[in-house]
Each structure stands twice: as C-alpha cells, then as structure tokens.
Amino acid sequence: MHNRSFFRIFMQTGAWLILAFLLLPMLVVIPVSLTDKSYISLPQDGLSMQHYTNYFTSAEWLWATGTSLFIGVGVALCATVLGTAFAIGCWFLSDRMSTIARWILITPILVPPVVQSLGFYRFWVQLGLIDTYTGVILAHTLLALPYVSISVFAALANLDRRIPQAARSLGASVWTTVISVVVPAAKPGMMAGAIFAFIVSFDEIVGVLFITVRNVQTLPKMIWQGIQDNIDPTIAAVATVLTVITLVLMAVGALRKS
Amino acid sequence: MTPGLLTDRHRYWLLILPALAVMIIFYIWPLVNILGISVTEPEPGLGNYALLAESRPIQTSFIITFRVAAITTVFCLVLGYIVSYAIYNASKRGVGLMVALVLLPFWISVLIRSFSWIVLLGRSGLVNDALMGMGLIDRPLRLMHNEFGVLIAMVHVMLPFAVLPIMANMKGIDRSFVNAARGLGASEWTAFWQVYFPQTKPGVLSAALLVFVLSLGFYITPALLGGGRVLMISEYITYQIQEFLKWGTGTMLSVTLLVATGVVILAAARFVNLRRAFLERG
C-alpha cells in the first residue's frame, strides 16, 4: 500500500511541478513590464506604467500591431476558404489520390522554417512580392493551410456519408449539397481552422525576416529586432498585453464551452 | 464508368484543386528551386555537397543540431509522460486546469516564450539577480549563450507537442488490464511498467518523432538563447545567406537538413503510424 501511494504522489507532484515550469516563465514578463527602470529588471522603487505608455503611444509599435492583425485576418480568410474546399473535396473522394493530396498540403508542418523561407525569398524576388503585404499573406496562407485542412477534415469525420448521398438522390446538385449539408457539418472545424490560421500568421517570424525589408513591419519582427538591438522593457509590456489577451480569450472560450 | 459519376468526381477535384495548386506552385516549387540552386551556384556540380565531408564547422553544426534535438526529445518525453499520466490516472482534482495549462503555451508565441527565458537567464537576468541578491554567488553565472540555455528553452517550447500525442493515446486505454494485474498481486510499479506502459508506446513514439523533427529545424529559440555560440543548422544557414551571401552553401545545407528530416520520418514509419501522427492529429 505504501508503494502504491508513493508512485501516485510522485506522478502527481511531478506533474504539477512540470506545469509550473511551463507556466511560470511566461509570467515573468508581467512584473518586468511594470519596472520603473529603463532596463530589464524587477520593479525597484515602485511600479511604473511608462513602458505601457511607450507601447501605446509609439506609432511604430501600433502600426506593427495593426499590420499583424490585418495580415492575420487576411490569412485566416484565405486559408479557411481554400482549406475548407480542399478538405470537403478530399472527404467526398476519400481515395488514394486525395490522400496523396492531403499529404502534399501538410508539408509546411514538416519542412524547417528556415528552409521554406529561403524558397519563399528566391521565388518572391522573381514575382516581385518581396516586402509586400500580398507576399506575406500568401506565404502565411501556405503555412496555415495544413492546420485548416486537418481541422476541417477532422470535423467531417463525424458526418454520416449517407446524409449527403440522400441530398444528392433527392435531386440536390453537388454544390447545393456542399453548401447546405457538408459546410454546416464542417463549421466547428472551420472555426478552429480560422483561429489556428490567424495565430500561425500573427506569430510567424522566420518567413517575415526573409521576405520583408522596411515596408512591412509586423509585431513579431519588431519584437525580434528589439531583442537583437537593445532589450528594453517595452517588449515585456507588449508580451504582457498579448499574454493577458490570450488568457482572457481562453477563459471566455472555456466558459462558453461549459 | 457512367458520365454522371465522372463529372461528380471532377467537381470534387475542383474543390481540391485551388489549395493544391497554390501549395504546389508557391511552396513545393520554391523548395525544388532550392535544390536547383544548391547544384548550380556558384558553379554547376556537387561542389557544395563536398563541403559536408570537408568543412569542420558544418560537421560540428550538424552534430550540435542532432544532439540538442535528441536531448530535447528525451526530456520532453519524460516530462510529457508524467503530465499525461497524472491527467488520466493519478489526479482526481484539477484535471481541467492541468489540460488548460498544457494547452496555454500553444497560444503564446515562441518568440515571447523565448524572450521570457532571456529575461530569466540573461547575464543580469532575474535568476542571476536573485542568486546574487541572496549572496549565493559573487559573479553572474552563464545561464544562456550556451547549450544549457538553449536546451531549457527548447524543452519549454516543445513540451506541449510531446504531451498531446501521449494524452491522445492514454485517453483510449482501458484501465481494466492494470486493475486485473493489481488484483493478481502485481505491485503498482510492476503493473505500470509491464501492463500500462507498453500500451502507451504508440503515443510515446509519435511524440518522439514530432518533437525530434520540429527540433531539428528549429531556429528562433536556439538563435535567441544560443547567442551565436550554439549554431544549430538552421542558424548556420541564415549566417551563410545573410552574412556571407553564400547561397550555394546555404541551399546545400537546406537540402541536407530536409533530407535528414525525411530520413528520420521514413525510419520512424516502421514504429509510428504516420497518418495518425501528422495527417489526423487534432
């Protein structure tokens, strides 16, 4: 009996320690963002909002935030439309060829970011897409497509194949069946896919470092340059804002589910 | 083959085609171009690939890459297994909170998580500050710009990727085998090690493959926490391109990294259900 409880206690305590290791480092940005010093440190003589003021009054930081939001929404739209159509087509066919197509569509998950970025750079130069919004949205859409197609396909796993067949035999065309029978069933997957796509784009950095110069400044690029040049607590303020928004959205999502 | 059936198939392909065409033209084709550049610049031939046998820095970089990826994978598997086990077996309270904490890092960018580690481990970072404040050390310890710093941040970033496949696998395991073993007199450890653990192997192997493959090509965290001293191959490639404009070398290394990744995946195919690991993961 003693041995049993030791094993359980070990696993459970271990798990909470590991979760603390996952969570706590992400929270250190919060006190650092409130420091009264102009360098990375804990608050010493009191709390200060100066680094938040810095962020919210800096045209550069705000513009970069807007750019990332804009590109992220564009990517979510493009990737969700393309990826949903793709997954629905594959679901109807469900044969060897469509499985190969699905493997092709998920290659961006497996290819190292630097390798694909070199590819983007050379091809985007040829197409004149370097340092353009179109270029970034296109690149990010490619990176987001695997996630959309996987989550839509997963949602369709619950759809009984006889339902679209019934619609067809009652005289509905392929398009009507897709729009009024399959798409509604795919909706949860589409929603999840769109959110994934937005986040993939919003967080993407390696590709942006290769295919943009000065014209397109995204938020991750500003953070990256900030870390490289001089680490100032403004980055901690930005990180805190993003973390808090994420936590709030997760809490809202969890509440709506329950 | 009735004409009606044929046109339906065509319509399904019309749905597939836009995404597939975009992927092939703007993603696969540029990758093929990379292969082309590696055998044509600066001059046609396999001269770039000869560097793999000749250049010590390149060999060292590959060794570092595989070593960091392997160590990261081992730590992620052990830690990820304990968390998953606690979620499905040991805990009664707080399971929902545990799952939420595992998923949370996915929503916070790797860049910000790496920044947090810089704040903690830097020369005048919070850990050094605290240790000096307590009088435990006189001079700051070097906690980053070395392999230790890269590894701790890599494990932090990769851990959720290890937990998810293991959790998905454990979810489907019936406890009754373990209970039967216990009822027949096996100790808790024996029941775990001989009955439960073998059933979780598929999840562990998918997790290992996923974490190892992602670690091999990882750039952001090693670049930020390695400070140029832990040159994994992705960072080595960017140096070749951005500092020295050596496209031949950079693309050759890219192709080599891609082939190495492919070999790892194909070798793993014997033990891991690749469809499950990549195509159908949730």
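Here the structure is a predicted model, which is why all the values come from computation and not from measurement.

Participant: Looking at this model, I keep getting lost on the overall build of chain A. Mind explaining?
Facilitator: What chain A contains, in helices and strands, is 13 helices and zero strands. The secondary structure elements of chain A, listed N-terminal to C-terminal, are α-α-α-α-α-α-α-α-α-α-α-α-α. The C-alpha atoms of chain A give 23 Å as radius of gyration, which overshoots the globular expectation for 258 residues (18 Å, by more than 25%). With respect to the principal axes defined by its C-alpha atoms, chain A has extents near 75 × 70 × 35 Å. Per-residue burial for chain A yields a buried fraction of 53% across its 258 residues. When contacts within chain A are restricted to residue pairs at least 6 apart in sequence, those whose partners lie at least 24 apart make up 68%. Working note: accessible area of chain A is about 11,800 Å², and carbon and sulfur atoms make up 69% of it. For chain A, the centre of its 14 positive side-chain charges and the centre of its 10 negative side-chain charges are spaced 19 Å apart.

Participant: Could you clarify how one ought to interpret the packing of aromatic side chains in this entry?
Facilitator: Pairs of aromatic rings are described using the distance from one ring centre to the other and the angle between the two planes. Under the defined criterion, the tally for this structure stands at 31 aromatic pairs over all chains. A centroid spacing of 5.6 Å and a plane angle of 15 degrees characterise the contact between A:Y121 and B:W247, whose relative ring orientation is stacked. Taken as a pair, A:Y121 in helix α7 (residues 113-127) and B:W247 in helix α12 (residues 247-268) lie in two separate chains rather than in one. An aromatic cluster is defined as three or more aromatic residues linked by ring pairs; in this entry it consists of A:F7, B:Y81, B:Y85, B:W189, B:F192, B:W193, B:Y196 and B:F197. Cation over ring: A:R122 sits above B:W247, and NZ or CZ is 4.7 Å from the ring centre.

Participant: Looking at this structure, how should I read the pattern of salt bridges?
Facilitator: As a working rule, side chains carrying opposite charge can pair if their charged atoms are close by. Under the criterion given, the structure shown has eight salt bridges over all chains. Between B:R9 and A:D95 there is a salt bridge; the shortest N-O distance is 3.1 Å. Within this pair, whereas B:R9 is found in helix α1 (residues 3-38), its partner A:D95 is found in the loop between α4 (59-93) and α5 (96-105), the two belonging to separate chains. A relative accessible area of 35% means that B:R9 is categorised as partly exposed.

Participant: Which parts of the structure should I look at to understand the packing of helix α3 (residues 56-90) of chain B against α12(B)?
Facilitator: Axes are the key here: two packed helices are described by the angle between their axes and the distance separating the axes. Residues and elements named next belong to chain B. Orientation of α3 relative to α12, taken along the N-to-C sense of each, is 35 degrees, at an axis distance of 13 Å. Where α3 crosses over α12, the handedness of that crossing is right-handed. Packed against α3, whose contacting residues are I58, F62 and F66, the element α12 presents T249, M252, L253, T256 and A260 at the interface. Tallied by class, the residues present in the contact of α3 with α12 amount to six nonpolar, two polar and no charged.

Participant: Please clarify how the environment of A:V216 should be interpreted in this entry.
Facilitator: All names here are of chain A. Along the polypeptide, V216 turns up in the loop between α11 (206-211) and α12 (219-228). Judged by its relative accessible area of 0%, V216 falls in the buried class. C-alpha separation for the pair V216 and I130, spaced 86 residues apart in sequence, amounts to 9.5 Å. If sequence neighbours within four positions are ignored, V216 has contacts with T67, I71, D131, T132, Y133, V136 and K221.

Participant: Help me understand helix α9 (residues 188-216) of chain B, please; the structure alone is not making it clear to me.
Facilitator: Three- or four-residue spacings in an α-helix give side chains the same orientation, since the helix completes a turn every 3.6 residues. Compared with the 42 Å implied by 1.5 Å per residue over 29 residues, the 37 Å span of α9(B) between its first and last C-alpha is markedly short. The largest bend in α9(B) comes to about 50 degrees, at B:F197, with the proline B:P198 one to four residues further on.

Cut-offs applied
Residues numbered from 1 in each chain as written. Chains lettered and ligands numbered in written order. Predicted model: local features only at pLDDT ≥ 70, side-chain atom pairs only at ≥ 80, totals over all residues. Heavy atoms only, no water. Helix = DSSP H or I, 4+ residues; strand = E, 2+ residues; numbered from the N terminus. Rg over C-alpha atoms; globule rule 2.2 N^0.38 Å. Buried < 20%, exposed > 50% of the residue type's maximum accessible area, 1.4 Å probe, protein only. Contact = heavy atoms within 4.5 Å. Areas by Shrake-Rupley, 256 points an atom, 1.4 Å probe, with all protein chains shown as cover. Lys, Arg positive; Asp, Glu negative; His and termini not counted. Charge placed at Lys NZ, Arg CZ, Asp CG, Glu CD. Phe/Tyr/Trp six-rings, centres within 6.5 Å; stacked < 30°, edge-to-face > 60°. Lys NZ or Arg CZ within 6 Å of the ring centre and 35° of its normal. Salt bridge = Lys/Arg side-chain N within 4 Å of Asp/Glu carboxyl O. Axes fitted to C-alpha atoms, helices over the stretch in contact; angles between N-to-C directions. Left-handed = near helix turned anticlockwise from the far one by under 90°. Nonpolar A, V, L, I, M, F, W, Y, C, P; charged D, E, K, R; others polar. Expected span 1.5 Å × (residues − 1). Bend = angle between axes of the 7 residues up to and from the residue.

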